[in-house]
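Structural features, examined
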Amino acid sequence: MSDQIAGIQSLRHPRRQKTFTFPLTVLNRAVGLVGLEKSSGYHPILVWVTPNGKKYQSGRRRVLNSNLTWHGHQIYTSEKVDDLISECDITDPTCRQPVCVGPFAVFEVHETLLAPPSDGDPIWSQLETSQLKDRAPSIFHHYMNYTAVNIMPFKHERNPWLSFYPLMARSGDSKAHSSLAYALLAQAAGHRAHLINSEDMSNLAMKYYTMATRKLSEALRDEDGGNFSIFLGSVLAIILAEVYNGTPKAWRVHLNGAWNFLTSNENNKNKPWEASEAAWLTAQSFCLLKTRIDTEILLNHDETPSAVPNSALISSVSSRPDYGFTIGTTPELMACISDTASLAAVLIDLDFESRQNRVNTLFQRLQSCYVSPTSGKAPTVLHFHIYKTGALIYFHRRIFNSTPKMLLPLISDFFVSLAEYRRLDEGRMTLWPIFVAAVEVYMDSHKLDVQVWLDSAEIMGAASRREVRRLIMAVWEIRQKRSVDSGGCLDEGEIVVDWREVMKDKTWDVLLI
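Residues numbered from 1 in each chain as written. Predicted model: local features only at pLDDT ≥ 70, side-chain atom pairs only at ≥ 80, totals over all residues. Heavy atoms only, no water.

1. A word on the nonpolar core
With 134 residues, the main nonpolar core has Trp161, Tyr208, Ile239, Leu262, Phe286, Phe435 and Ile472 as its most contacted residues. Tallying contributions element by element places helix H8 (residues 228-245) first for this core, with 13 residues. What Ile472 contacts, discounting residues up to four positions off in sequence, is Phe435, Ala438, Val439, Val450 and Leu454. (Core = buried A, V, L, I, M, F, W, Y, C linked by side-chain atoms within 4.5 Å. Buried < 20%, exposed > 50% of the residue type's maximum accessible area, 1.4 Å probe, protein only. Helix = DSSP H or I, 4+ residues; strand = E, 2+ residues; numbered from the N terminus. Contact = heavy atoms within 4.5 Å.)

2. Considerations on the confidence of the model for the protein
On average, residues of the protein score 79 in pLDDT, and 71% of them are at 70 or above. Ranking the elements of the protein by mean pLDDT puts strand E2 (residues 32-35) last with 40 and helix H14 (residues 352-368) first with 96. Across residues 16-40, confidence stays below pLDDT 50; counting only partners more than four residues off in sequence or on other chains, it has 42 contacts. In this model, residues 109-115 is a region of pLDDT below 50 whose contacts with residues beyond four sequence positions or in other chains number 8 contacts. (pLDDT = per-residue confidence, 0-100.)

3. A closer look at the environment of Gly493
Here Gly493 shows up in the loop between helix H19 (465-485) and helix H20 (499-505). Spatially, the C-alpha atoms of Gly493 and Met443 are 8.0 Å apart, while their sequence positions differ by 50 residues.

4. A closer look at the packing of aromatic side chains
To describe a pair of aromatic rings, you give the distance between the ring centres and the angle between the ring planes. With the rule as written, the count across this model stands at 10 aromatic pairs. With a centroid separation of 5.8 Å and 20 degrees between ring planes, the pair formed by Tyr387 and Trp432 is classed as stacked. Residue Tyr387 is found in helix H15 (residues 378-400), and its partner Trp432 is found in helix H17 (residues 431-438); the two are separated by 45 residues along the sequence. Of the residues examined, Tyr387 reaches a relative accessible area of 0% and is grouped as buried. The exposure class of Trp432 is buried, given its relative accessible area of 0%. Over the face of the ring belonging to Trp280 we find Arg320, whose NZ or CZ atom lies 3.7 Å from the ring centre. (Phe/Tyr/Trp six-rings, centres within 6.5 Å; stacked < 30°, edge-to-face > 60°. Lys NZ or Arg CZ within 6 Å of the ring centre and 35° of its normal.)

Here is the structure:
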């Protein structure tokens, strides 16, 4: 009977499995968790505890690793933060320009940036023919979805060709704004023409290009340059339109005109590139372009490199740590490239000791250029390494007149890194470092690497890449011919060919962007 009663009671009151709270150690943290094992009738309760097992008092800061909290971000001292914030103060109540200093910005919205143009948008109303008007929306769509994405070497949230330039083109109705809008259309039409091999689209690109240059000329005459950012952005877009359409003939005229405007006494005094992010971006683009163009100059003995008189301008624009991000490099590395061109021009006039000191100092600076692997994504870091290797090749060629065989370790490292960058398939390599490496190639394996890159570069849709291929091939042919003419006494790796002399002898003017 007692067994039966016990059985009935056990059915009425089933035994429950009791659970207890217990501390759990959180690895590599000076905090812990107390929890309850999940079971029927219970819910987990989590509280903070200190290392000695006591509950953490609310309202106090938990001990965390600040290095992990700010991993990948630039660290500013308290004094530096105060200085940056104070520089953002707008003391002039009539000021309407944004002020950007470091990570901080202060601005007042005084004009509306409109959405991308649609069918029948007034931005196309000034186009002269129905063909130009009707096709403008679809071509602009191509620009936003294909052309602008490929102008930077990798995807970046601050790509100005996807943000600032199309928005600037839509933020006003002046002739300078129209010039920028038509230049963007010319870029996209030229890009599309090369992709689909369309003569009709190529003609359309030339018409947009003609309208862009005409509106820019009218803006300069009537508005005296107009808005700083709009004017420089228009010139830059016109130059790129030539690159995409494969007709880079007048780019040097446009560049020199914009550079004279940028370096005028009035602009040097007022520093308009400090007024807004858009102004700095356009000035940065021209400084980067000018630095690379100066590497092409073949100077006479009595000439000086054009970068020297404008070093103050470039120093001012490049003072920001993000200078060069649009081409995947840094301000320190671009300064070394510019200084290499400047030093090579005066090297012959220096005495032995001065020459030795300046060369050693510049080489040490170049070697110390560095991007931490933890400061960005793998493609960004690898792109910088490739760019730096190209800069080292350029340094050895211009300063030491090194033969291709002497450059072989650098060239081999360069193409191994380039193959890895292509394998990642997250962007396209900037032209300048590849070109300076490609013209020094003499081994068949490396020539094949160059051919593979040239094929992929032409597929990208920039028609001017054909001119780049032609120049590289011309350098290779001259080196090979000189080796044959020597009767086999000279290997191709022992023969120096200056690509700048080849370009000058053939009256070519290749734009390395």
